[in-house]
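The lines below spell out each chain.
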Amino acid sequence: MDPLEIYNDLKEKIIWLELEPGRALNLEELAQSYQVSRNPVTIALTRLDAEDWVVRQGSHYVVSPLTLDRIREITEIRALLEVQANVWAMYRISSDQLHELKRFRQKLENLSDTISNKEIVKLDLKFHRLLFKASMNNQLAILLERMLNHYLRFWLSLPRQIDKETFFVEAKQIIEAIEAKDEARLRALTAEHIRVSVDQIMGVSASMYHSGASNG
């Protein structure tokens, strides 16, 4: 495997908590696991470090911890960029993409009562990816998805079942605003969606994580 493949594999495992926050990563063990020398693993870990998925501690790396400070900082940036991305998506979306959004909204109306947190989070990621792609700005889409993926780790770590009925309320309304080409409503709904998301994460997580812990 080359460094990019190792990077992508490790990142996916970190996002979906297969490698839990705070876990030490042994370079030699990873090299053996991927059947490569230490150098490709080191290159992959260096890139993960640059994107805050891991942090270096002395001679080794650990999976970045979940802290409320991290969520606050990400939210400040996301609140600025995602609103504009959704507005661009509204004006630039193709007919095929709009049809896909409509199908997605219909799917949200018929979610199983037994849907898992992981399945809910995957649907949320799909929703945002559809909008990011429709914005027709690849660099912005990459940046926003990276920030969103940090949110996913928080959602997946919550010790309770996510309420599917309330989780997607703003998402369905955002799709309706895009269909109606209602920019003012879209801006307000996107800001509200981000605010509600972070409030829920921080409210539940306050007793689990310590604000001011390692910035990772």
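Residues numbered from 1 in each chain as written. Predicted model: local features only at pLDDT ≥ 70, side-chain atom pairs only at ≥ 80, totals over all residues. Heavy atoms only, no water.

Some remarks on the sheet that holds strand E1 (residues 24–25)
Heads up, the condition is: Strand pairing follows a simple DSSP-based rule, namely that at least 2 bridges must link the two strands. In this description a helix means any DSSP run of H or I spanning at least four residues, a strand means any run of E spanning at least two, and both kinds are numbered starting from the N terminus.
The antiparallel open sheet is built from three strands, whose spatial order is E1-E3-E2. Bordering the open sheet on either side are E1 and strand E2 (54–57), each of which pairs with just one other strand. Where E2 meets strand E3 (residues 60–63), four bridges bridge the pair, whose relative direction is antiparallel. Following the sheet pairing, Val 54 is matched in E3 by Val 63.

Section: helix H4 (residues 68–92)
Selection rule: By this rule the span expected of a helix is its residue count minus one, scaled by 1.5 Å. One axis fitted to the seven residues ending at a residue, another fitted to the seven starting there: the angle between these axes is the bend at that residue.
The terminal C-alpha atoms of H4, which comprises 25 residues, lie 34 Å apart, in line with the 36 Å expected from a rise of 1.5 Å per residue. In the structure, H4 departs most strongly from a straight axis at Arg 78, where the bend amounts to approximately 35°.

Thoughts on the environment of Val 198
Tracing the backbone shows Val 198 in helix H10 (residues 183–205). Between the C-alpha atoms of Val 198 and Phe 154, which are 44 residues apart in sequence, the distance is 9.8 Å.

With respect to the packing of aromatic side chains
The condition that has to hold: Stacked, tilted and edge-to-face are the three classes applied to pairs of Phe, Tyr and Trp rings, where Trp contributes its six-membered ring and a pair requires centres within 6.5 Å; stacked means planes under 30 degrees apart, edge-to-face means over 60, and tilted covers the rest. Residue exposure (1.4 Å probe, protein chains only): buried if accessible area is under 20% of the type maximum, exposed if over 50%, otherwise partly exposed.
A complete count under the given rule lists three aromatic pairs for this structure. Taken together, a centroid distance of 6.0 Å and an interplanar angle of 15° make the contact between Phe 104 and Phe 127 stacked. One end of the pair, Phe 104, is in helix H5 (residues 95–108); the other, Phe 127, is in helix H6 (residues 117–134), with 23 residues separating them in the sequence. Each member of the pair Phe 104 and Phe 127 is classed as buried.

Let's talk about the pattern of salt bridges
Note the cut-off: A carboxyl oxygen of Asp or Glu within 4 Å of a side-chain nitrogen of Lys or Arg is what we treat as a salt bridge.
Here the structure, examined in full by the defined rule, presents 16 salt bridges. Its salt-bridge partner being Asp 199, residue Arg 195 comes within 2.6 Å of it at the nearest N-O pair. Taken together, the residues Arg 195 and Asp 199, both in helix H10 and four residues apart, mark about one turn of the helix. Members of the salt-bridge network, linked through shared partners, are Arg 47, Glu 51 and Arg 146.

Geometric values such as these leave the question of function open.
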